[in-house]
Amino acid sequence: MAIKNLLGAIHDGLAEEMRSDGSVMVLGEDVGRAGGVFRVTQGLAEEFGPGRVMDTPLAESLIVGAAIGLSVNGMRPVAEIQFADFIYPGFDQIVNEAARFYYRSNGAWSCPMTIRTPYGAVPGGALYHSQSVEACFCNTPGLKVVAPTFPSDAKGMLKSAIRDPNPVLFLEHKRTYRLIKEDVPEEDYSVPLDKAKVHREGTDLTVVSYGLMLYTALEVAEKLSVEHGVEVEVVEPRTLYPLDKETILDSAKKTGKFLVVSEANLTGSVSGEIAAVVAREAFEWLDGPVMRLGAPDIPAAAFAKPMMDFFVPGAEKIEAAMLELARY
Amino acid sequence: MATPVNMPQLGESVTEGTIARWLKAEGDEVEKDEPLCEIDTDKVSSELPSPFAGKIEKLLIPEGDTVDVGTEIALVAVAGAGKETAAEEEPPAEEAPAREDATAEAPTEEFPSAGTEAQPVAEDGEKQHAVAGTRSGGDGLVEIESAETLRLTRSSPVVRRLAGEHDVDIAEISGTGIGGRVTKKDIEAYIEEREEEYETPGLKEEREAFAPPEPEAMPVREPEREPERERVPVYEGDRVMDLTSIRRAIADRISRSKREAPHAWSMVEVDVTGLVALRERVKEEFESREGIRLTYLPFIVKAVVEGLKEHPVLNSVWDGDRILLRKRINVGVAVDLKDALIVPVIPDADELNILGLARKIDDLVRRSRSGQLGPDDVTGGTFTVNNPGALGSVVSLPIINHPQAAILSAEAIVKRPVVVNDAIAIRSVMNLEVSFDHRVLDGGVALRFLNAVKKRLEGYGPESEIW
């Protein structure tokens with residue numbers, strides 16, 4: 001075991017899979033010689049050569065399209081979209097082609113490909129380096145959307161994503177890249193793509209969250225326990241689509257109070273889907289309104305820090321929402 | 001034009017009233033303010049003065065029936081134009097026979113006041129049956145509920161499910177959620193407590209059964225056995241007493257207090273030798289001067305009031321997620337009626353001296369016994385003084401007068417040998433107890449309060465002046 005941050009864990013996961021399986025390769029903007037804009041792929045070009053670590057033009061539709069072609073021809077490509085904000089030129093390739101390839105070919109071809117992309121607001125990120133795009137993809141059967149938060153989960157889930165026979169969109173919250181560190185196993189292991197994780201047991205309310213918000217929610221949960229004696233159960237979906245409804249519902253039924261926190265724009269969000277599942281399936285266990293906390297319907301996290309802080313739900317807002325629900 | 005008379009709201013938080021007796025019959029003329037009927041509520045009995053002059057056209061509610069506040073109870077043909085104002089000074093309408101369509105014109109479905117329930121009254125005077133209880137649901141009938149009931153029963157899906165599964169009336173539970181909402185934890189605690197309650201008396205009953213008790217033969221009560229209200233067997237010669245509204249009110253309130261407020265209890269002994277001597281010295285003169293007997297109660301109430309000033313937390317109310325400290329000190333005094341207990345209130349007792357308290361108590365006791373208390377005489381209490389000593393009790397464990405935080409009991413004054421300065425002396429001693437809501441306060445402050453009362457009562461000497 002060694003302490004790793006999220007970047008390091010993802011790097012290790014990639015490198016280990018490339019070592020153990022010659023069909024695994026990476027492609028994307030600046031992933032080769034530059035080692036990636038966040039240094040995730042540093043050293044891979046040297047170790048595996050330009051054939052398996054390909055620098056591509058600034059053309060996301062090409063990156064995804066090439067990965068589809070490679071995947072149906074025996075490779076297991078890991079495509080990197082440098083920032084999730086730039087994924088939209090590849091949207092058609094992901095949603096119309098990759099996700100439906102297996103269905104369209106009546107099971108003749110599948111696309112065992114992974115698309116990694118950093119998402120989420122960072123100071124100064126503003127319009128093109130801040131977006132949370134997950135909702136745009138969580139309405140596409142055939143695609144898996146995963147968003148691990150902690151390094152050891154990320155490494156294990158990246159391995160599962162690479163080994164999965166169908167396309168997986170792998171979201172990494174870039175503000176947690178260096179923020180969260182933990183012991184990450186060095187031996188080969190994988191984390192399944194269909195299991196949510198209960199990070200903290202509680203009895204008073206359930207908070208479901210992922211990414212930076214999960215990290216903040218866990219801190220607030222500890223604070224509430226100490227200051228108010230409120231015990232919050234914190235659940236991370238880890239895979240956003242399809243959801244592990246069972247784990248989420250078990251927790252909702254246990255506490256009867258339910259809050260989803262994410263930094264995506266609230267309207268039409270994954271939070272809405274999670275809330276709907278709970279409202280329907282856990283109705284008779286609910287002791288309060290199903291609540292959501294997210295970003296307002298504003299086009300982007302602003303460049304100015306005060307405006308960004310307004311946009312991204314912070315610890316204060318999360319605490320207020322938790323307390324409101326606890327006291328309801 | 002027939003105008004409806006509605007069941008009045010006889011005091012704050014009173015939601016229903018019982019027609020004890022009609023004092024007028026159909027066809028009788030009635031003057032404005034002339035008594036129309038006697039109404040029992042859970043707090044008080046009183047006469048309902050007619051709101052206007054006219055001729056009784058129909059008595060809609062039979063004697064003995066209990067209806068919600070605001071329900072129409074009678075139709076009175078008012079003389080003149082039939083407007084409300086006509087009632088003011090119009091002479092009785094001798095020449096105004098009731099018209100055939102009079103009742104149809106009467107505004108039978110109006111809401112008499114905000115937040116209260118108005119059941120439309122059938123024109124033939126047939127008794128209205130409220131649509132099945134709040135729990136039944138399902139039959140598609142909509143019951144118009146009062147705002148208070150709605151607040152108390154507004155509940156989440158899980159609370160409704162648990163209420164259904166355990167046959168609980170949500171309105172009986174005091175909620176700790178926002179706006180008094182009953183939360184999942186509230187109902188779970190209630191169910192647990194209730195099951196414990198049913199457990200114990202059940203075993204007791206079985207122990208008292210005819211068979212000699214055999215521990216291993218004791219039937220184990222099934223936990224899911226629901227409290228279907230089983231009737232106690234009636235044997236030959238037994239008499240069945242229907243509950244009077246005051247008996248039912250006492251039962252409800254006392255049960256509620258015991259159920260909701262965790263009672264704790266403490267007692268001190270008070271040496272009132274000086275007070276006894278004082279009273280002996282002045283009582284005859286006092287009675288001849290003031291026309292009332294001087295009892296110990298005014299002294300106790302005065303000491304209590306001063307104790308409450310020192311320890312205001314005893315003059316408070318538990319309110320779910322907060323405690324309300326009352327500014328006014330309105331002391332209720334328990335009065336024993338032959339078959340009931342009533343607690344008239346001395347408002348602003350802290351503004352009265354011994355004489356003022358004596359007069360007020362004498363007035364309240366006399367009016368309690370003659371049934372002349374009004375609704376305002378029995379509401380608004382913030383603390384209660386119980387005086388079982390008047391009946392010879394030396395120890396009692398009073399139940400708090402819901403929703404107050406505490407109650408004080410003053411016991412009989414008895415002569416006892418006590419040790420004074422290492423010698424045995426005969427002293428007049430009284431036990432003082434307080435039962436308090438342990439959610440609101442703890443034993444420390446309860447005893448400091450008791451000692452504050454004790455100190456004042458022990459401070460009287462034979463020569464003290466009383467005012």
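Calculation rules
Residues numbered from 1 in each chain as written. Chains lettered and ligands numbered in written order. Predicted model: local features only at pLDDT ≥ 70, side-chain atom pairs only at ≥ 80, totals over all residues. Helix = DSSP H or I, 4+ residues; strand = E, 2+ residues; numbered from the N terminus. Buried ≥ 20, exposed ≤ 12 C-beta atoms within 10 Å, placed from the backbone. Contact = placed C-beta atoms within 7 Å. Nonpolar A, V, L, I, M, F, W, Y, C, P; charged D, E, K, R; others polar. Pairing = 2+ DSSP bridges. Axes fitted to C-alpha atoms, helices over the stretch in contact; angles between N-to-C directions. pLDDT = per-residue confidence, 0-100. Parallel < 35°, antiparallel > 145°, perpendicular 65-115°, else oblique. Left-handed = near helix turned anticlockwise from the far one by under 90°.

1. Structural notes on the overall build of chain A
1) Next: Assigned secondary structure in chain A consists of 11 helices and 14 strands.
2) Next: The proportion of buried residues among the 328 residues of chain A is 53%.
3) Next: By sequence separation, contacts in chain A at least 24 residues apart represent 79% of the contacts at least 6 residues apart.

2. Here we look at the interface of chain A and chain B
1) Next: Taken together, the contact between chain A and chain B spans nine residues of the former and nine residues of the latter.
2) Next: Partitioning the side of chain A that touches chain B into residue classes produces four nonpolar, two polar and three charged.

3. Focus: the sheet that holds strand S2 (residues 24–28) of chain A
Residues and elements named next belong to chain A.
1) Next: Taken together, the seven strands give an open sheet; going across it, the order is S3-S2-S4-S5-S7-S6-S12, and neighbouring strands pair in mixed fashion. Looking at strand neighbours, the two that pair on one side only are strand S3 (53–55) and strand S12 (239–241), the edges of this open sheet. Adjacent strand axes in the sheet meet at a mean angle of 20° when their direction is disregarded.
2) Next: Its contacts with the sheet place helix H1 (residues 6–20) against S2, strand S4 (76–80) and strand S7 (168–173), and it is angled at close to 130° to S2.

4. A closer look at the confidence of the model for chain B
Caution applies to low-pLDDT parts of the model: their predicted coordinates are not meant to be read in detail.
All names here are of chain B.
1) Next: Overall, the prediction assigns chain B a mean pLDDT of 79, with 76% of residues at 70 or greater.
2) Next: Scored below 50 in pLDDT, residues 81–143 shows 88 contacts in the model against residues more than four places distant or in partner chains.
3) Next: The low-confidence segment residues 202–226 (pLDDT under 50) makes seven contacts with residues lying over four places distant or belonging to another chain.
4) Next: Model confidence for the complex: the whole-complex pTM is 0.52, and ipTM, which rates the interface, is 0.74.

5. Brief notes about the packing of helix H7 (residues 212–228) of chain A against helix H11 (residues 315–327) of chain A
The angle between the axes and the distance between the axes are what describe a pair of packed helices.
Residues and elements named next belong to chain A.
1) Next: Put simply, H7 and H11 touch, their axes get as near as 10 Å, and they point 55° apart. Considered as vectors, H7 and H11 are oriented oblique to each other. Pair H7 / H11 crosses with right-handed handedness. Note on element contacts: H11 touches H7 through Ala315, Ile318, Glu319, Met322 and Leu323, opposite Thr216, Ala217, Glu219, Val220, Lys223, Leu224 and His228.
2) Next: The residue inventory of the contact of H7 with H11, partitioned by class, reads seven nonpolar, two polar and three charged.

6. Quick notes on the environment of Pro262 of chain B
All names here are of chain B.
1) Next: Looking at where Pro262 falls in the secondary structure, it is placed in the loop between helix H5 (245–260) and strand S9 (263–271).
2) Next: For Pro262, a count of 12 C-beta atoms within 10 Å corresponds to the exposed category.
3) Next: A C-alpha to C-alpha distance of 5.6 Å links Pro262 and His438, two positions 176 residues apart in sequence.

7. Examining unusual backbone geometry
1) Next: With an omega of -5°, the peptide bond between Tyr241 of chain A and Pro242 of chain A qualifies as cis.
2) Next: Along the chain, Pro242 of chain A falls in the loop between S12 and helix H8 (245–255).
3) Next: Between His402 of chain B and Pro403 of chain B the backbone carries a cis peptide bond, its omega angle lying at 0°.
4) Next: As for its placement among the helices and strands, Pro403 of chain B is situated in the loop between strand S16 (383–386) and strand S17 (406–420).
5) Next: In the Ramachandran plot, Arg39 of chain A falls in the positive-phi region, its phi being about 70° despite a non-glycine side chain.
6) Next: Of note, Arg39 of chain A is situated in the loop between S2 and helix H2 (44–48).
7) Next: The exposure class of Arg39 of chain A is partly exposed, given the 13 C-beta atoms found within 10 Å.
8) Next: Positive phi is not limited to glycine here, since Asn421 of chain B has a value of about 50°.
9) Next: With respect to the helices, strands and loops of the structure, Asn421 of chain B is situated in the loop between S17 and strand S18 (423–437).
10) Next: Judged by the 5 C-beta atoms lying within 10 Å of it, Asn421 of chain B falls in the exposed class.

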